[in-house]
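# Tertiary structure, described
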Amino acid sequence: MAVVSRRDIGLWVALLLVATPAAAQHASLVRLEIMVTHASSTPGPVDPGAAALHRQLREDFRYESLRILQLETLRLRVDEIGKMKLPNGHWVRVRPLSQAGDRLLMAVEVEGSLATDLRLRNHRRVSIGSHRYKDGTLVITFKPDF
Amino acid sequence: MAAWKDGELGGLAARRAARLLERSAEARREVEALGAVGAWVREALPEEPLADPDLWPGLSTGLAAVDAERAEVAEGRGWLLRPWTASVALAAVAVALVVGLLIQTTPPGYDVVQWLDSEGVPVMVLDGPDDTIIWVLEPGNEETSGGGSRFAA
C-alpha cells in the first residue's frame, strides 16, 4: 500500500493551483481572423481569399470587384482588447467578453460607425459593411477560432 | 366675318355682313384668309375620326420613370444594395422606427447580434446559417464614435 505523505499532498495541491489558471487561460484564448475587403463599383476581380465572402454578399449587394486590403489574425484572451487600423484611418477594436463551450461573446467597435456585441459559434463569420471608401465600401469580416 | 363665314349669323346681322363684303375689299380678304386657315386645318386633321386616345403607354412610361427615380433614391441610401434587399431593408427600418428602436435589444431569431449601437444610423442584419452580415445603410460617417464603453481604458 502506497503511503502518501503530507509533503506529496502539498505538492499536488500546489501543482493544481498553478496548473488550473494556466489551463483556463489556454482554453479561453481566442484566435480571431480579421479580413478587410473593399467592395468596389469599379470592375475588377474577386480575390480568391474573398470567395467565401463573395458568396455571402453577392445575392444582396451590387459591386464589381472585391479585393482584400488587410488580413490579420489576433490572439486574444477574454477581456483583452485587440485593435486594427483600417485603410481609412479608423480603428476596429474587438474584445472577447466571455467564452463557454462553442460560444463566444465578443464586443466589436468600428470607429465612426457602430458598436455591437456578438454571440458567435466557433468559425462563424460576421461581416460588417460600414465605411464608404473610395468608390465602394469597406467590409470587415471576423472569423473566430477557439 | 368669321361668324358670318361659319354661318353663325342670322337675319339682320347676316345681311349686314353681306353688304360689308360687297363694299369692302379688306373684308373680302379677311374672309379669304379665314378660308385658307380652314383649308390648312382640314389638311392637318386625319380623315378618319380620332379613336379614343390610349393614355396608358404614356402613363406607364411616366410611372416607370417615377419608379426609377425612387429606386435611385433608395440606392443612394444603401449604395450597393440590390433592389429587393433594399426594399426589405427599408421595410425593416420602417418597422423598427414604428416600434421606436433599431436593434437595441435582441430581435427574435437574431442569435448573433446581442446588442448594437449605430448612433441612429439605420442598420440591416442578414442572419444566415453560417454567417451574418451587418450593413450600415448610410455608410460614410467620418465622425469618431463617442461610444465604446466596452473599450474604455
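Source: prediction; values computed, not measured. What you see as residue numbers is a count from 1 along each chain, following the sequence as written. Each chain gets a letter, beginning with A, and each ligand a number, beginning with 1, in the order they are written. Restriction of local features to residues with pLDDT of at least 70 applies here, the model being predicted, together with a cutoff of 80 or more for giving and counting side-chain atom pairs; totals for whole chains, interfaces and linings are based on all residues.

## Considerations on the overall build of chain B
Here a strand is any run of E in DSSP of at least two residues, a helix any run of H or I of at least four, and the numbering for each starts at the N terminus. Looking only at helices and strands, chain B features five helices and three strands. Every one of the 153 residues in chain B was classed for burial, and the buried ones make up 14%. When contacts within chain B are restricted to residue pairs at least 6 apart in sequence, long-range pairs at least 24 apart make up 25% of them. Three exposure classes are used, all based on how many other C-beta atoms lie within 10 Å of a residue's own C-beta (placed from the backbone): buried at 20 or more, exposed at 12 or fewer, and partly exposed between those limits. Contact between residues is assigned whenever the C-beta positions, reconstructed from backbone atoms, fall within 7 Å.

## A look at the sheet that holds strand S3 (residues 131–136) of chain B
Either a parallel or an antiparallel arrangement is found when strands of a sheet pair, and the pairing is made through backbone hydrogen bonds. The six strands are arranged S2(A)-S1(A)-S8(A)-S7(A)-S3(B)-S2(B) in an open sheet whose pairing can be described as mixed. Edge positions in the sheet fall to strand S2 (65–76) of chain A together with strand S2 (123–127) of chain B, since each of these pairs with one other strand and no more. Each adjacent strand pair in this sheet contributes to an overall mean axis angle of 20°, direction not counted. Pairing between two strands requires that DSSP report at least two bridges joining them. Judged from the five bridges that link them, strand S7 (residues 125–133) of chain A and S3 of chain B form a sheet pairing that is parallel. From the neighbouring strand, valine 126 of chain A faces S3 of chain B, where its bridge partner is threonine 132 of chain B. In this analysis an axis means a line fitted to C-alpha atoms, helices contributing only their contacting stretch, and an angle means the value between N-to-C directions, from 0 to 180 degrees.

## Observations concerning the confidence of the model for chain B
Residues and elements named next belong to chain B. A score between 0 and 100, pLDDT records how confident the predictor is in each residue. This prediction gives chain B a mean pLDDT of 68; 46% of its residues lie at or above 70. Across chain B, the element-wise mean pLDDT spans from 58 in helix H5 (residues 83–99) up to 93 in strand S1 (residues 113–117). Across residues 97–109 the pLDDT falls below 50, and counting only partners more than four positions away or on other chains, this stretch makes 11 contacts in the model. Predicted complex metrics record ipTM = 0.81 and pTM = 0.57.

## As for the nonpolar core
If you look at the biggest cluster of nonpolar residues, it comprises 41 residues, and the most contacted ones within it are Met106, Val108 and Ile140 of chain A together with Val123 and Trp135 of chain B. Residue contacts for tryptophan 135 of chain B: discarding those within four places in its chain leaves Gly129 of chain A together with Val123 and Met124 of chain B. A set of buried Ala, Val, Leu, Ile, Met, Phe, Trp, Tyr and Cys residues, joined through C-beta atoms within 7 Å, is what we mean by a nonpolar core.

## A word on the sheet that holds strand S3 (residues 82–85) of chain A
If you trace the five strands from one edge of the open sheet to the other, you get S3(A)-S4(A)-S5(A)-S6(A)-S1(B), paired in antiparallel fashion. The sheet terminates laterally at S3 of chain A together with S1 of chain B, the two strands that pair on one side only. Across the sheet, the mean angle separating the axes of adjacent strands is 20° when strand polarity is ignored. Pairing between strand S4 (residues 91–100) of chain A and strand S5 (residues 103–110) of chain A: eight bridges, direction antiparallel. Bridge pairing links arginine 93 of chain A to glutamate 109 of chain A in S5 of chain A.

## Here we look at the environment of lysine 143 of chain A
All names here are of chain A. Residue position: lysine 143 is located in strand S8 (residues 136–145). Sequence-wise, lysine 143 and serine 127 are 16 residues apart; in three dimensions their C-alpha atoms are separated by 8.9 Å. Look past the residues within four positions of lysine 143 in its chain and what remains in contact with it is Glu33, His123 and Arg125.

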